[in-house]
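The residues making up each chain are set out below.
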Amino acid sequence: MIEETMKVPFAVPECGNEEIEEVVAVIKSGWLTTASRCAKFEEDFAAYIGARHALAVNSATAALHLGLEALGVRNNDMVLVPTFTFTATAEVVRYLNAHPIFVDCDPKTFCITAEHIQKALDINKISLSDGRLKCLIPVHFGGHPCEMDDLLAFALKYNLEIMEDAAHALPTRYKEKLIGTLGHVTCFSFYANKTMTTGEGGMLCTDDDDIAGRVKVMRLHGINRDVWDRFSTGASWEYDVIAPGFKYNMPDTVAAIGIHQLIKVEEFRLKRQRIAETYFQALKNIPGLSLPLPDCSMKDHSWYVQQLAHYTWAKTKKIASKTEIIKSLYEVINAMSDFLGVNFIIDQRVKGKVNIHTAGEIDKRRLLPIMETIFEMNNIAMIEYGD
């Protein structure tokens, strides 16, 4: 039994002296907004991913919005999005007055598949001949790669654009290739709980020069010339506003953190993998409890979160309404909230899923109470777990 209450945060960013010194240098330079550090972060990120363009913005939501806009999604168009995702994936579709078409996910990987997309199209009786269906947004949920070959073939068959939501997927690999260049656009998140962080921030990657050009303009008010480029080259300060753009640029104070976080991202991923492996070993024999094994190599998964699904909870509760769903999970949430970063997602097949802590800074002192809590909830004695 746990003798004292211990709070385990969902994530604590790992920042070192390198990040601190870089931010201080930016402050001392007197140029705090988008400038040389942002340009370096973009250059380094593009080289790491293997993309022609990497464009820094102030959130993954901004990247998703700019990506859809650059891909030509407009009023009354339709975009395919998964049911298992953060709200931003679908809300950016509505920013453009388009319509999200929700696609159920594979209960093992929590990712969409070509088969599930076809079912969604059939159920919703969506025509592929009128040109309204424009784009597919696969989410590499929890850091598990979607089956991209099948999705790319589906998109090619029906003339759809693919914008990958890789908010969880840095670094994730598909067939040993980093996520970031498979779709027409890929969007990453650097929020505080991600594998690497800038506090707030995002990155849009593409190999398409036209998409990159449009995003560069639209991320800063529709201005056709970059402020830092004008300053650093000594060119004229004259510029034109050529479109009603947005205020989505990343400042140098933020990019300064990203430069050094990117250097450590593989180390961060490995730490999370080791925690995931600990969960698999310690929790594999609980009746009714499932830690879905990845369909990819452990090293190809970013391990942003580890999914834990309790099928017994789902099957024994006869749930008929949203209110009853919330009520049925309330006791579970209360039981776990002292120890876990909890995020329940309800799906028609799995009604008892929770994300458990994989952040790299967690140690045995915190990891054991998490596992002990899960054991106690299932009335099972905690096994001895060594170093």
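What counts as what
Here, residues in each chain are numbered from 1, in the same order as that chain's written sequence. This being a predicted model, a pLDDT of at least 70 is required before a residue's local features are given, and a value of 80 or more before pairs of side-chain atoms are given or counted; all residues contribute to the totals for chains, interfaces and linings. Side-chain measures here rest on the full set of heavy atoms in the structure, leaving out hydrogens and waters. The helix and strand labels rest on DSSP assignments: H or I over at least four residues marks a helix, E over at least two residues marks a strand, and numbering proceeds from the N terminus. Only protein chains enter the calculation, and the probe is 1.4 Å; a residue is then buried if its accessible area is under 20% of its type maximum, exposed if over 50%, and partly exposed in between. In this description, contact between two residues means that some pair of their heavy atoms is separated by no more than 4.5 Å. In this description, accessible areas are obtained by the Shrake-Rupley approach with a 1.4 Å probe, and a residue is regarded as covered only by the protein chains that are shown. For our purposes a nonpolar core is just a set of buried Ala, Val, Leu, Ile, Met, Phe, Trp, Tyr and Cys residues, chained together by side-chain atoms within 4.5 Å. To estimate the expected span of a helix, subtract one from its residue number and multiply by 1.5 Å. The arc in question is formed by the directions pointing from the helix axis toward the C-beta atoms. By the convention used here, strands pair only if DSSP detects at least 2 bridges between them. Between N-to-C directions, angles span 0 to 180 degrees; the directions come from axes that are lines fitted to C-alpha atoms, helices contributing only their stretch in contact. Under this scheme an angle from 65 to 115 degrees is roughly perpendicular, one under 35 degrees roughly parallel, and one over 145 degrees roughly antiparallel; angles in between are oblique. If you view the pair so one helix is near and one far, a crossing is left-handed when the near helix is turned anticlockwise from the far one by less than a right angle, and right-handed when it is turned clockwise. Each residue receives one of three labels: charged for Asp, Glu, Lys and Arg, nonpolar for Ala, Val, Leu, Ile, Met, Phe, Trp, Tyr, Cys and Pro, and polar for the others, Gly being one of them. Here pLDDT means the predictor's own confidence in every residue, given as a number from 0 to 100.

**Quick word on the overall build of the protein**
Within the protein, the regular secondary structure consists of 13 helices and 12 strands. In the protein, which comprises 387 residues, the proportion classed as buried is 53%. In the protein, the share of contacts with a sequence separation of at least 24, taken over all contacts with a separation of at least 6, comes to 68%. Accessible surface, the protein as shown: approximately 17,700 Å² in total, 52% of it carbon and sulfur.

**A word on the nonpolar core**
Ranked by internal contacts, the top residues of the largest apolar core, which has 50 residues, are Phe 41, Phe 45, Leu 80, Ile 117, Phe 188, Phe 190 and Met 203. Ranked by residue count, the leading element in this core is helix 2 (residues 36-49), at five residues. Within the second largest apolar cluster, 30 residues are counted, among which are Ala 63, Val 79, Val 93 and Ala 98.

**Structural notes on helix 1 (residues 17-29)**
Its 13 residues place the ends of helix 1 18 Å apart at the C-alpha level, agreeing with the 18 Å of an ideal helix rising 1.5 Å per residue. Here helix 1 has its buried residues at Glu 19, Glu 22 and Val 26. Projected down its long axis, helix 1 shows its buried positions confined to an angular sector of 65°, all on one face. Counted as exposed and oriented over 90 degrees from the buried face of helix 1: Asn 17, Glu 21, Ile 27 and Lys 28. The secondary structure elements touched by the buried residues of helix 1 are helix 2 and helix 9 (252-263). Residue Gly 30 follows helix 1 closely and has a positive phi angle near 85°.

**Looking at helix 5 (residues 114-123)**
Of the positions making up helix 5, those classed as buried are Ala 114, His 116, Ile 117, Ala 120 and Leu 121. Looking down the long axis of helix 5, one finds its buried residues gathered within 160° of arc, a one-sided arrangement. Structural note: helix 5 exposes Glu 115 and Ile 123 on the side pointing more than 90 degrees away from its buried face. Lys 125 sits one or two positions beyond helix 5 and adopts a positive phi of about 50°.

**A short note on the sheet that holds strand 3 (residues 99-103)**
Judged by pairing direction, the sheet is mixed, and its seven strands sit side by side in the order 1-9-8-5-4-2-3 without closing on themselves. Across the chains shown, the open sheet's two edge strands, defined by having one partner strand only, are strand 1 (53-57) and strand 3. In this sheet, adjacent strand axes meet at a mean angle of 25° when their direction is disregarded. As paired elements, strand 1 and strand 9 (residues 202-206) share five bridges and run antiparallel to each other. Bridge assignment links Ala 54 to a residue of strand 9, and that residue is Cys 205. Sitting on the sheet, helix 2 touches strand 1, strand 8 (185-189) and strand 9, and the angle it makes with strand 1 is about 135°. This element, helix 6 (residues 148-158), spans strand 4 (133-136) and strand 5 (161-166) of the sheet and lies at about 150° to strand 5.

**Notes on the packing of helix 3 (residues 60-70) against helix 7 (residues 209-218)**
At a closest axis distance of 9 Å, the pairing of helix 3 and helix 7 adopts a crossing angle of 125°. Put simply, helix 3 runs oblique to helix 7. Along this stretch, helix 3 crosses helix 7, giving a crossing that reads as right-handed. Touching Leu 66, Glu 69 and Ala 70 of helix 3 are Ile 211, Arg 214, Val 215 and Met 218, all from helix 7.

**Description of the side chain of His 65**
Checked against the element boundaries, His 65 lands in helix 3. Not counting chain neighbours up to four residues away, the residues in contact with His 65 comprise Val 92, Tyr 95, Leu 96, Phe 246 and Tyr 248.

**A look at the pairing of strand 9**
Counting buried residues along strand 9, five of its five residues qualify, which places the element largely inside the surrounding structure. Neither face of strand 9 is exposed, since Gly 202, Leu 204 and Thr 206 on one face and Met 203 and Cys 205 on the opposite face are all buried. In terms of strand pairing, strand 8 meets strand 9 through four bridges, oriented antiparallel. In the strand pairing of strand 9, Phe 188 is matched with Met 203.

**Focus on the packing of helix 2 against helix 9**
The N-to-C vectors of helix 2 and helix 9 enclose an angle of 30°; their axes lie 8 Å apart at closest approach. As for the relative orientation of helix 2 and helix 9, their crossing is left-handed in sense. For the pair helix 2 and helix 9, contact is made by Ser 36, Arg 37, Cys 38, Lys 40, Phe 41, Asp 44, Phe 45 and Tyr 48 and by Asp 252, Ala 255, Ala 256, Gly 258, Ile 259 and Leu 262, respectively. Considering only residue class, the contact of helix 2 with helix 9 consists of eight nonpolar, two polar and four charged.

**Describing the confidence of the model for the protein**
A residue-level look at the protein finds 73% of positions with pLDDT of 70 or above and a mean pLDDT of 82. This model gives residues 325-352 a pLDDT under 50, and the stretch forms 67 contacts once residues within four places in sequence are excluded. Under a pLDDT of 50 for its full length, residues 379-387 has, in the predicted model, 17 contacts with residues more than four places off or in other chains.

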